Each structure stands twice: as structure tokens, then as C-alpha cells.
Amino acid sequence: METISAPRCFISTALPYVNAAPHLGFALELVIADVLARAQRLRGNDVRFVSGTDDHSLKNVLAAARSGTSTQSFVSAHAARFRELASALDISIDAFVSTSDHPTHRQTVETVWSALEARGQLYQKHYRGLYCTDCEQFYEPAELDLELCPEHGTKLDWIEEHNWFFRLGQYREPLIELLGSGRIQIAPESARTELLGFLQGELRDLCVSRDAARARGFGIAVPCDPSQVIYVWVDALLGYLSALGSERTRYWAESCSRTHVIGRGIARFHGVYWLALLLAIEEVLPTRLCVHGYLTVEGRKISKSNNHLDPRPWVQAWGSEAVRYYLLRHVRTTRDGDFDPTRFAQAYDAELANQLGNLVSRSLALVERYAASTVPAQGDLQPHDRALLLHNARLAPEVLEAIERCELDRALEAVFELVRQGNRYVDQTAPWTLARTGEHARLASVLHCLCQTLLTVAYALTPFLPSTARAIACALDHPPGSETLRPGAKVTPPGPLFPKQPARLSP
Ligand SMILES: [Zn+2]
């Protein structure tokens, strides 16, 4: 008999440059992608979640030179900090690729380059243009903002080189068709509109190599032309494939879905250049781009002078679940958002501790006290119970659909609506009064409905707050990811899920 395997899914973050330690903006991207990956696993799908670092960038080389260390040890040390951040935030990455020290990445890039060349997709040309090293891209004069980089506000360099070009212009029509028809899903819609707008103009061929001397020799040399290194974006985009190693066909070509989570600043690299490169080598395309916005800190753009830049002290002081919660609930997933320390503390107290933590602790304390720590069976239902159980039944589909639309903030809002309803239900049904007046059957029913609500909340929170979800399921003596309540299970209240923070100050 043939075994039916679970549908396979590929999910990735972008591979960020490692010229500096990771900041809150990348923490946001990690947690968004992690929710998508965990939600697929919750559905029973077989997931490969890829993250990593883009090492072969001139700005990494320049940053290393400024710090007085060798480029390789500089990028490796920074890559380690990205891994540490992912681990601190409980990000469930399956494969982490650092492009300068991955065993098969160089070979993947060289093979793709040779395939492009064999298909007549590459040619050499003398080139001059304005280059932003921070963006690692050339700009047309018309794209500039008062002669400065529109992304960084910095002066551009005039570069004159003999480079290799990719025949990107040939792909204008196929790309318009792909993006316009919705064959590639893009959230939000505004990102699709922007990409289509870009394709309305002339699509110039893409410069895909750099002078090796200018790149200080750090990068992957063009096969048969050691005077050039391969453009860092071509190199980095192929990291998604090399990360899969020998499982590339299984988790890329044969997956049901291939999702890239990216910031809006690099939508064009994924929605135009990456798609065209894949078309050129006849490789399977991604199915979805989830484009998140930029994060400000207290209304200010994240910069090196900003001391809230580093997410790790926040994780150390408040725990990974609190940081995940804020980024996922208080930042609209596909819009720009703000990290505000005051709102962060308020959200922790009002939502995590007083709503969620309180519902869990009071419900379990009631079961401990009035039901001998055992989940009671469901009895006769009254209107309040039916309303609560109906809300329970609706929650998981609603949450999973919102995740599919990349509206993670909406999904969490839906979970907390049930949490609030659960707290109101405790007040309305007053189990302590039922105990005093000896209404034991009614009391058992109420406690059953409360336990079901906790389990439903735990299930729906699994992609967002994995440790909290696990702790709630465990307190109810159910395996993580359970949806259906098992009467008779022994209840063990956990310690406070969101203890009061002694220090209210920002780290
Ligand atoms: Zn720039």
C-alpha cells in the first residue's frame, strides 16, 4: 500500500545582510514567517522553513574593514548573532543558510550561472551607473530622491565597469501576466500594484556581476571570468534553493506552496528579478510573497543611534512570548508599524497577564477547587454555554484563514475575542455561587465549557505563542495541538504564564 504523504510547504524569511547585528525589523520578519510555518505544521503539513544570511555583500566587506577583522570572521560572527536571535525568539527554522560558508551554496550559484549562460541569457557590456552600496543596486537618475538614494538618503557612487548582464527585459510580459493574473499571490494588494507599476515602464536588463577588485574579492567568481564576482542579489536569492540541499526538489518543486516573507524594500528583487531568474532556468516559481512593512521605534526610523534597535534585551527582560505577541498583534502584518515601549508594557499587562493569563489561572483554579482537578463531562447546555462553544468552534478556521491572508494581527485579535468572552462567561456564570447553592451538574457543565475554551485558545495560539500554547495544553493534560477536550483529564495549574514584571523600565 502506498502511503499518502502530507502536503509539503516551503517558507522563508529573506536572507539579511550581516553588516551589523540584527535589529527589531528582522525580529518582526522572523516571527511572521514562524507563524506561517507553525500554522502549516498545525494543519499537518510537512514544512521546510528556511532562513539565513546574505554574506557576499560589499557593505559587509566595508563594515568588516572598519572593524579591523577579516571579512569571513566578521560575517560569521554576525551570522551567529542572527541565529541566536532566531533561537531566542523560538523561531522554528529547519534550515539556516549562510551564503559564505554553506557546503553547497557556491555550487548551486555556479550551476545556475552556467545554465543561464548556456541558454543565452547572459551577455557582457560596458556599463556606468549610479550605485548605492547599502542597497547593493544601481539606480536610474529618475528614481533618485533629490539625487540621493530613495531608500537610504545617501549619496550614490558613479561606477564604470565591464559587467555581465541578464536579459531581464525579455521577461516583462510574462511577469506582468504572472503578477496581474494572481498566479502568484501577493499580500498586501498594494505590493502587487507597485510591482505592476514598475513593470509598466521599460524593464532594463539586470547587471549581474561586479568587478572582483571592487568587491574586494569577496563573493562567488563568475565561472570562466575571475575578473568578476556574481551580483550579491543573484547569489543571495539562490540561497533559498541551496538551503534545501539534497531535498531541493522535494521541498521546492514538489511543494504545494512556496512562500517568501520579505520587507517591502525588497519586493522588486523577489517579485521581478527572482521570478525572472527562475523563469530563465525553467525552475518552479514561488506561490506567494508576504510583504511586511517597516518598523519604527517610538515613531523614529530604526537606525544605529537608536538604542531600542537590538531586540535581545527585550527578549531577556520580558520573554520571547511577550516580544512575539507585540510584534504580531500590535504591528499590522503588511503595513508599517511602531515599537513603542509604553504600549509594549501596557499590552503585556492588559492583554497577556490580565486577559489571557487571568482566564487560564482562574479557570484552572476553579476546576481544581470544584471538580477535583478533573475535566468534567459536558452536561446540559444553557444559552451562555452554547454561545461560548459556538465561538470556540468558529475560532480555529477563522484564525487559520487570517494567517493564510497574512493578517496575523487579525488572527490574534480573534483569539483574544474568545479570551475576553471566556472571562465574561466566568463572571456571568459565577461558578463559586453554583458551588455554594449546590448546583453541581450546572457547575460541571460550566467548568467543561471553560476547559474547552482554554484548549481552543491554546490550539489557536500555537503558531503565535508556542510555549504558552504548550503550557495551557499541558495544564489540561492534553498533547500540544489538541482541539477536542477529553473529559476525565487531570488538570495541573501552571505557574503564572505572564508574571508581573518587577521592572517597568525599558531594558
Ligand atoms: Zn540605498
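Quick caveat, the model's predicted, so the values are computed rather than measured.

**Points about the coordination of the zinc ion**
Reasoning step 1: Protein coordination of the zinc ion is provided by Cys132 (SG), Cys135 (SG), Cys149 (SG) and His152 (ND1), with donor distances spanning 2.1 to 2.3 Å.
Reasoning step 2: In this structure, the zinc ion is surrounded by four donor atoms whose angles at the metal cover 95 to 117 degrees, and the resulting shape is tetrahedral.
Reasoning step 3: Positions of the donor residues of the zinc ion, expressed as sequence spacing, correspond to C-x2-C-x13-C-x2-H. Taken as a pair, Cys132 in strand β4 (residues 122-132) and Cys149 in the loop between β5 (137-139) and β6 (157-166) lie far apart in primary sequence, 17 residues in all.
Reasoning step 4: Judged by relative accessible area, which is 1%, Cys132 ranks as buried.
Reasoning step 5: Judged by its relative accessible area of 1%, Cys149 is buried.

**Things to note about empty space enclosed by the protein**
Reasoning step 1: Using the criterion set out here, one finds four cavities of 30 Å³ or more in the structure.
Reasoning step 2: A volume near 110 Å³ is recorded for the largest cavity.
Reasoning step 3: Lining the largest cavity we find 15 residues, and of these His56, Leu58, Glu136, Arg210 and Ala215 sit closest to its centre.
Reasoning step 4: If you list the elements that add at least two residues to the lining of the largest cavity, you get α2 (58-67) and β11 (225-230).
Reasoning step 5: Of the residues contributing to the lining of the largest cavity, the split by class is nine nonpolar, three polar and three charged.

**A word on helix α12 (residues 320-329)**
Reasoning step 1: Among the 10 residues that make up α12, 10 are buried, leaving the element largely enclosed by the rest of the structure.
Reasoning step 2: Taken residue by residue, α12 has Ser320, Glu321, Ala322, Val323, Arg324, Tyr325, Tyr326, Leu327, Leu328 and Arg329 as its buried positions.

**So, a negative patch on the surface**
Reasoning step 1: Together, Glu398, Glu401, Glu404 and Glu417 line one region of the surface with negative charge.
Reasoning step 2: Among the elements that take part in the negative patch, helix α14 (residues 383-404) stands out by supplying three residues, more than any other.
Reasoning step 3: Residue position: Glu401 is located in helix α14.

**Overview of the packing of aromatic side chains**
Reasoning step 1: Inspection of every chain in the model, using the stated rule, returns 21 aromatic pairs.
Reasoning step 2: Aromatic side chains Trp113 and Trp164 sit 5.9 Å apart centroid to centroid with 75 degrees between the ring planes, which places their arrangement in the edge-to-face category. Of the two residues, Trp113 sits in helix α4 (residues 105-118) while Trp164 sits in strand β6, which places them 51 residues apart along the sequence.
Reasoning step 3: With a centroid separation of 6.0 Å and an interplanar angle of 90 degrees, the aromatic rings of Tyr348 and Phe498 are classed as edge-to-face. Of this pair, Tyr348 sits in helix α13 (residues 341-370) while Phe498 sits in the segment after α18 (466-475), and the two are 150 residues apart along the sequence. Comparing Tyr348 with Phe498, the two get one shared label, buried.
Reasoning step 4: The rings of Trp314, Trp318, Tyr326, Phe339, Phe344, Tyr348 and Phe498 are connected pair by pair, giving a single aromatic cluster.
Reasoning step 5: Over the ring of Trp158 we find Arg128, and its NZ or CZ is 4.6 Å from the ring centre.

**What about the layout of surface pockets?**
If a probe as big as a water molecule is rolled over the atoms, it shows which places are left empty.
Reasoning step 1: The volume enclosed by the second largest pocket comes to roughly 560 Å³.
Reasoning step 2: Forming the boundary of the second largest pocket are 29 residues, of which Tyr127, Phe138, Glu140, Glu143 and Arg204 lie nearest the centre.
Reasoning step 3: Mapped by element, the contributors of at least two residues to the lining of the second largest pocket are β4, β5, β6, β8 (206-207) and α10 (267-280).
Reasoning step 4: It is β4 that contributes the most residues to the lining of the second largest pocket, six residues altogether.
Reasoning step 5: Of the residues in the lining of the second largest pocket, the class split is 17 nonpolar, three polar and nine charged.

**Here's the deal with α2**
Reasoning step 1: Taken residue by residue, α2 has Leu58, Lys59, Asn60, Val61, Ala63 and Ala64 as its buried positions.
Reasoning step 2: Elements in contact with the buried residues of α2: α3 (71-88).
Reasoning step 3: Where α2 begins, the capping side chain belongs to Ser57, and its oxygen is found 3.1 Å from the backbone nitrogen of Lys59.
Reasoning step 4: Positive backbone phi, approximately 75 degrees, marks Gly68, located one or two places after α2.

**Regarding the sheet that holds strand β1 (residues 8-12)**
Reasoning step 1: Reading across from one edge, β3-β2-β1-β12-β13-β7 is the order of the six strands in this open sheet, with parallel pairing throughout. Strands at the two margins of the open sheet, each flanked by one partner only, are β3 (95-98) and β7 (185-187). Between one strand and the next, the sheet's axes are offset by a mean angle of 15 degrees, whatever the strand orientation.
Reasoning step 2: One ladder, built from three bridges, connects β7 with strand β13 (residues 288-292); its direction is parallel. Paired with Ala187 across the bridge in β13 is Cys290.
Reasoning step 3: In this fold helix α1 (residues 24-42) packs onto β1, β2 (46-53), β12 (257-263) and β13, with an angle of close to 165 degrees to the strand it touches most, β2.
Reasoning step 4: The strands touched by α3 within the sheet are β2 and β3, with β3 carrying the most contacts at an inclination of about 160 degrees.

**As for the nonpolar core**
Reasoning step 1: If you look at the biggest cluster of nonpolar residues, it comprises 105 residues, and the most contacted ones within it are Leu356, Ile403 and Phe464.
Reasoning step 2: When residues no more than four places from it in sequence are discounted, the contact partners of Leu356 are Glu351, Phe416, Val419, Val457, Leu461, Leu465, Thr468, Ile472 and Phe498.

**What about the packing of helix α5 (residues 172-180) against α10?**
Reasoning step 1: For the pair α5 and α10, the least separation of the axes is 10 Å and the interaxial angle reads 115 degrees. When the axes of α5 and α10 are compared, the pair comes out roughly perpendicular. Between α5 and α10 lies a crossing whose hand is right-handed. Where α5 abuts α10, its residues Pro174, Leu175, Leu178 and Leu179 lie against Gly271, Val272, Leu275, Ala276 and Leu279.
Reasoning step 2: Along the lines of polarity and charge, the residues of the contact of α5 with α10 split into eight nonpolar, one polar and no charged.

**Concerning the side chain of Arg192**
Reasoning step 1: With respect to the helices and strands, the residue Arg192 is situated in helix α6 (residues 189-200).
Reasoning step 2: Polar side-chain contacts of Arg192 include one of 2.4 Å to the backbone oxygen of Leu179.
Reasoning step 3: If we ignore the near neighbours within four places in the chain, the residues touching Arg192 are Leu179, Gly182, Ile184, Gln185 and Ile186.

What counts, and where the lines are drawn
Residues numbered from 1 in each chain as written. Predicted model: local features only at pLDDT ≥ 70, side-chain atom pairs only at ≥ 80, totals over all residues. Heavy atoms only, no water. Donors = N, O, S within 2.8 Å, 3.2 Å for Na, K, Ca; no water. Tetrahedral: all angles 85-135°; square planar, octahedral: opposite > 155°, others 65-115°. Helix = DSSP H or I, 4+ residues; strand = E, 2+ residues; numbered from the N terminus. Buried < 20%, exposed > 50% of the residue type's maximum accessible area, 1.4 Å probe, protein only. 1 Å grid on protein atoms, 1.4 Å probe; cavity = no way out; pocket = protein on both sides within 12 Å on 5 of 7 lines; lining within 4 Å. Points joined across faces, edges and corners; volume = space filled by probe spheres on them. Nonpolar A, V, L, I, M, F, W, Y, C, P; charged D, E, K, R; others polar. Patch = residues over 30% accessible without salt bridge, like charges linked within 9 Å, V, L, I, M, F, W, Y side chains within 5 Å. Areas by Shrake-Rupley, 256 points an atom, 1.4 Å probe, with all protein chains shown as cover. Salt bridge = Lys/Arg side-chain N within 4 Å of Asp/Glu carboxyl O. Lys, Arg positive; Asp, Glu negative; His and termini not counted. Charge placed at Lys NZ, Arg CZ, Asp CG, Glu CD. Phe/Tyr/Trp six-rings, centres within 6.5 Å; stacked < 30°, edge-to-face > 60°. Lys NZ or Arg CZ within 6 Å of the ring centre and 35° of its normal. Contact = heavy atoms within 4.5 Å. Polar contact = N/O pair within 3.5 Å; in protein donor to acceptor, adjacent residues only side chain to side chain. Pairing = 2+ DSSP bridges. Axes fitted to C-alpha atoms, helices over the stretch in contact; angles between N-to-C directions. Core = buried A, V, L, I, M, F, W, Y, C linked by side-chain atoms within 4.5 Å. Parallel < 35°, antiparallel > 145°, perpendicular 65-115°, else oblique. Left-handed = near helix turned anticlockwise from the far one by under 90°.

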